[in-house]
Amino acid sequence: MRRIPRPQNAIDLVTALSPRSQTNTWLCRPCQLRAASLPKPLTARYSTSTGTPETSDSDGEVQGPPYVPAQTWDGLEWFGSPEWVAETNRQPFKYKRFLPKQKSADPSTIRHAVQRAFIEVLTLREAGASPDELWKRTESAKDNPPGEGEEAKKWGRIPLTDFSLKFAVAKRAMQLTGIRVSDAAVFGVHSADRLIKLFTATPKPKNVTEKLEQTQALSKLPNVKVSPKKLTEIDKETEIGRWKVIEYELLQRGLPVTRMTR
Amino acid sequence: MPLKALEAVSKGQNGVGAFILQCKRIDVHYCDWAGSSKGMNTFITTHLPTFARLNPSIELHISPRPTRHPLLRGHYINGRQKAVCVKNLAPGQILEKAELLKAGSGEKNQRINKPVASLNGSVRGVWSPFHGSRYRL
């Protein structure tokens, strides 16, 4: 039986022509090709330096020292360690919150905050008067609650069709109130009063207990008891007044009261 | 004079004069995460307030049982308990199960073969020499 000759792959031919293919044998072929096209090998920063000075090629390309893979981590550059921070004189990173910790709960406060966000964004757009000055003017009319009267109607008429304005107002309102609103919800808003409603809306309940608290359907009934957490054996014994007896007897005998103390 | 107990004139029977519901408490367990509790979670928010209002003598305890199927557990005045798993059931079906627990006596399920069941062995009662027609020799 005659052996069928295997045709040579095109990539093998290209690799053979590449000048650095012999030195980077531990790299895969596509990476070798990519490294060959670059002025300096990609792996140079991971290698330890041999100390020989760099020589210049006749083409003007800078030829580095021959690549020697690092066997240990001695001499390699480290990032992110406390010593590295001290050497580079960097300021330690401080986490800055985008939203405040406390969420506003009062609807009138939220309404004020959204209105303030409007004023700030529009003032910055105009780049005329300062935002504080305009806000002080609006604050002088505090006696009239913003949720009632002609003022609320005026606010409702402000259109919100400009995407950049809508995004800026929503972002600033989030910073002022601490309430996070999804992009999809903001996308569907087309007027100022809808945006205010979006911020003042009650959040969706996360579980059944929260839902029952919101609806208040069972709270007024005397024969219903709702517990937010799973009832344990200790809870059941406490309910009938037997747990303190059990606990006393366990302590008297030197036995563990709960599993955690075992 | 020795102390003497009062003789029982009549024996109390539930339903004669007053009716006391045998079910004293129902535990309602659900899971916030699992899909088998979907119907139960809806039942708690929609049907349960009405059920609790209509049955003020039944104590209702609602508590989660995470990563477990939903459950109704009835407690009866004879000390027994009856638990019904209500996984994947619709709110209406769960209400039927709650009614079943409410109507139960707490006794074990028994097969009834006879058409008439009674606590007394005979409708004629126990024979007494002082009652009924007088016999003369």
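Note that this is a predicted model, so its numbers are computed, not measured.

**Considerations on the overall build of chain A**
When you go through chain A residue by residue, the secondary structure sums to 12 helices and three strands. Taking the contacts inside chain A whose residues are at least 6 apart along the sequence as the reference set, 44% of them involve residues at least 24 apart.

**Some details on the interface of chain A and chain B**
Facing 16 residues of chain A, the contacting portion of chain B comprises 19 residues. Looking at the side of chain A that touches chain B, the elements with two or more residues in it are α10 (208-215) and β3 (224-226) of chain A. With four residues, α10 of chain A is the largest single contributor of residues to the side of chain A that touches chain B. Across the side of chain A that touches chain B, the residue classes break down as eight nonpolar, four polar and four charged.

**Section: the sheet that holds strand β4 (residues 81-85) of chain B**
If you trace the five strands from one edge of the open sheet to the other, you get β3(A)-β2(B)-β1(B)-β3(B)-β4(B), paired in mixed fashion. Every interior strand has two partners, whereas the edge strands, β3 of chain A together with β4 of chain B, have only one. Sheet twist, expressed as the mean angle between neighbouring strand axes with direction ignored, is 15°. One ladder, built from three bridges, connects β3 of chain A with strand β2 (residues 59-64) of chain B; its direction is parallel. In the sheet register, Lys225 of chain A faces β2 of chain B, and the bridge partner there is His61 of chain B.

**Observations regarding helix α3 (residues 91-103) of chain B**
Count 3.6 residues to each turn of an α-helix, and residues three or four apart come out pointing the same way. All names here are of chain B. Over its 13 residues, α3 extends 18 Å from the first C-alpha to the last, a length consistent with the 18 Å expected when each residue adds 1.5 Å. Among the residues of α3, Ile94, Ala98 and Leu101 are the ones counted as buried. In an axial view of α3, the angular spread of the buried residues amounts to 60°, which keeps them on one side of the axis. Residues of α3 that are exposed and point more than 90 degrees away from the buried face comprise Gly92, Glu96, Glu99 and Ala103. Check the buried side of α3 and you find it contacts β1 (23-30), α1 (38-46), α2 (48-54), β3 (71-76) and β4.

Rules of the game
Residues numbered from 1 in each chain as written. Chains lettered and ligands numbered in written order. Predicted model: local features only at pLDDT ≥ 70, side-chain atom pairs only at ≥ 80, totals over all residues. Helix = DSSP H or I, 4+ residues; strand = E, 2+ residues; numbered from the N terminus. Contact = placed C-beta atoms within 7 Å. Nonpolar A, V, L, I, M, F, W, Y, C, P; charged D, E, K, R; others polar. Pairing = 2+ DSSP bridges. Axes fitted to C-alpha atoms, helices over the stretch in contact; angles between N-to-C directions. Expected span 1.5 Å × (residues − 1). Buried ≥ 20, exposed ≤ 12 C-beta atoms within 10 Å, placed from the backbone. Arc of directions from axis to C-beta.

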